[in-house]
Amino acid sequence: IVGLAVFWLPDALIREAQSVVPSVKRAEIGATLLGHIQRITGQTCRSQLGTQALAALHASALGPDAGGQVFVVPSGPDTAIYLPGGLIVMNRDLIEDTEDPAVVGGHIIAAAAQLRLEDPLAALLKDSGIGTTFTLLTQGEIAPETLRTYAETLFANPPQRADDAILLDMFANAQLPSTPYAYAVDVTGETTLSLIEADPMQGRPIREILSDAEWISLQGICT
């Protein structure tokens, strides 16, 4: 019985936390993690027109009712990270190193696809241990030091990319081409071949993702 409890209880508590922690609390946890990430990268990049363009691209990639927000930071890994509360953190290089807004939309989709692999709150609780989960359930809080440590861990080791089947489904729902993102991830296309060959927009007209003015504003969000 004790052995079963050791293996069963942590997952049971995490599932309970996933079901009872409200969206407002998730957003608070995500915002705190973002704050700790900014201590590593520097402050998030903001400009009025750039932020508006980023919001438009977020809505285009995930839908107008997706909720959450994308934040651009001065440095970081070569993949966007999805935080609790729907917050997405993206390195400025992912925007500045391309001339195609579909690539940035792809990074947003790939970040949101992490949610289909594992709830970011569950990932946090698994990494932090049963004590953190118990405290969250009983007191509604997570220790600041726990969040700081996890933010550093998450930023240094971002989640793996979701399966191509998941990504292709999300690209199809967004009506965005997956090929530009695939080549941005791997310039040879070898490790992202299925995203190229099964591009849901192949042979179909592609809508304008951002206007030229919006794209220029987005690329200059950190200047």
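So, a few notes on the structure that sits alongside this text. (Residues numbered from 1 in each chain as written. Predicted model: local features only at pLDDT ≥ 70, side-chain atom pairs only at ≥ 80, totals over all residues. Heavy atoms only, no water.)

1. Here's the deal with the packing of helix α2 (residues 23-41) against helix α8 (residues 144-156)
Phase 1 of the analysis: Between α2 and α8, the least distance of the axes is 9 Å, while the angle of their chain directions is 60°. Classified by the angle their axes make, α2 and α8 are oblique. Judged by the sense of rotation from one axis to the other, the crossing of α2 with α8 is right-handed. From α2, I29, T32, L33, H36, I37, R39, I40 and T41 reach across to α8, where they touch P144, L147, R148, Y150, A151, E152 and F155.
Phase 2 of the analysis: In the contact of α2 with α8, the residues fall into 9 nonpolar, 3 polar and 3 charged. (Axes fitted to C-alpha atoms, helices over the stretch in contact; angles between N-to-C directions. Helix = DSSP H or I, 4+ residues; strand = E, 2+ residues; numbered from the N terminus. Parallel < 35°, antiparallel > 145°, perpendicular 65-115°, else oblique. Left-handed = near helix turned anticlockwise from the far one by under 90°. Contact = heavy atoms within 4.5 Å. Nonpolar A, V, L, I, M, F, W, Y, C, P; charged D, E, K, R; others polar.)

2. Brief notes about the state of the cysteines
Phase 1 of the analysis: Summed over all chains, the structure comprises 1 disulfide.
Phase 2 of the analysis: Each sulfur in the disulfide pair C45 and C222 lies 2.0 Å from the other. Judged by the sign of its S-S torsion, about 100°, the bond between C45 and C222 is right-handed. A residue pair is termed long-range when its members are at least 10 positions apart, and C45 in the loop between α2 and α3 (48-62) and C222 in the segment after α12 (212-219) qualify at 177 residues. The same class applies to C45 and to C222, which are both buried. (Disulfide = S-S within 2.5 Å. Buried < 20%, exposed > 50% of the residue type's maximum accessible area, 1.4 Å probe, protein only.)

3. Here's the deal with α12
Phase 1 of the analysis: Restricting attention to buried positions, one finds in α12 the residues W215, S217, L218 and Q219.
Phase 2 of the analysis: For α12, the elements touching its buried residues are α3, α4 (93-96) and α5 (101-117).

4. Considerations on the pattern of salt bridges
Side chains carrying opposite charge are able to pair once their charged atoms draw close together.
Phase 1 of the analysis: Taken as a whole and judged by the stated rule, the model has 9 salt bridges.
Phase 2 of the analysis: Of the charged contacts in the structure, one is a salt bridge between E28 and K25, with a shortest N-O distance of 2.9 Å. Note that E28 and K25 are positioned in helix α2 at a spacing of 3 residues, about one turn of the helix.
Phase 3 of the analysis: Taking the relative accessible area as the measure of exposure, K25 reaches 12% and is therefore buried.
Phase 4 of the analysis: The shortest N-O distance in the salt bridge between R92 and E96 comes to 2.8 Å.
Phase 5 of the analysis: Under the relative-accessibility criterion, R92 is labelled partly exposed at 21%.
Phase 6 of the analysis: Among the charged side chains, a salt-bridge network with shared partners connects K25, E28 and E141. (Salt bridge = Lys/Arg side-chain N within 4 Å of Asp/Glu carboxyl O.)

5. With respect to the packing of helix α6 (residues 120-128) against α8
Phase 1 of the analysis: At a minimum axis distance of 11 Å, the contact between α6 and α8 shows a crossing angle of 105°. The orientation of α6 with respect to α8, classified from their angle, is roughly perpendicular. In this structure, α6 uses P120, A123, L124, D127 and S128 to contact α8, whose residues at the interface are T146, L147, Y150 and T153.
Phase 2 of the analysis: Here the contact of α6 with α8 is composed, by residue class, of 5 nonpolar, 3 polar and 1 charged.

6. What to know about the pairing of strand β3 (residues 87-91)
Phase 1 of the analysis: In terms of burial, β3 is a largely internal element, 5 of the 5 residues being buried.
Phase 2 of the analysis: Across the two faces of β3 the burial is the same, with L87, V89 and N91 and I88 and M90 all buried.
Phase 3 of the analysis: In this structure, strand β1 (residues 69-73) lies alongside β3, joined through 5 bridges in parallel fashion. When the sheet's bridge partners are listed, V73 is paired in β3 with N91.
Phase 4 of the analysis: Examined bridge by bridge, strand β2 (residues 81-83) and β3 share 3 bridges and lie antiparallel to one another. The residue of β3 that forms the bridge with I81 is V89.
Phase 5 of the analysis: Taking the residues that link successive antiparallel strands as the turn, the β2-β3 hairpin has 3 residues, and the phi of G85 there is positive, at about 85°. (Pairing = 2+ DSSP bridges.)

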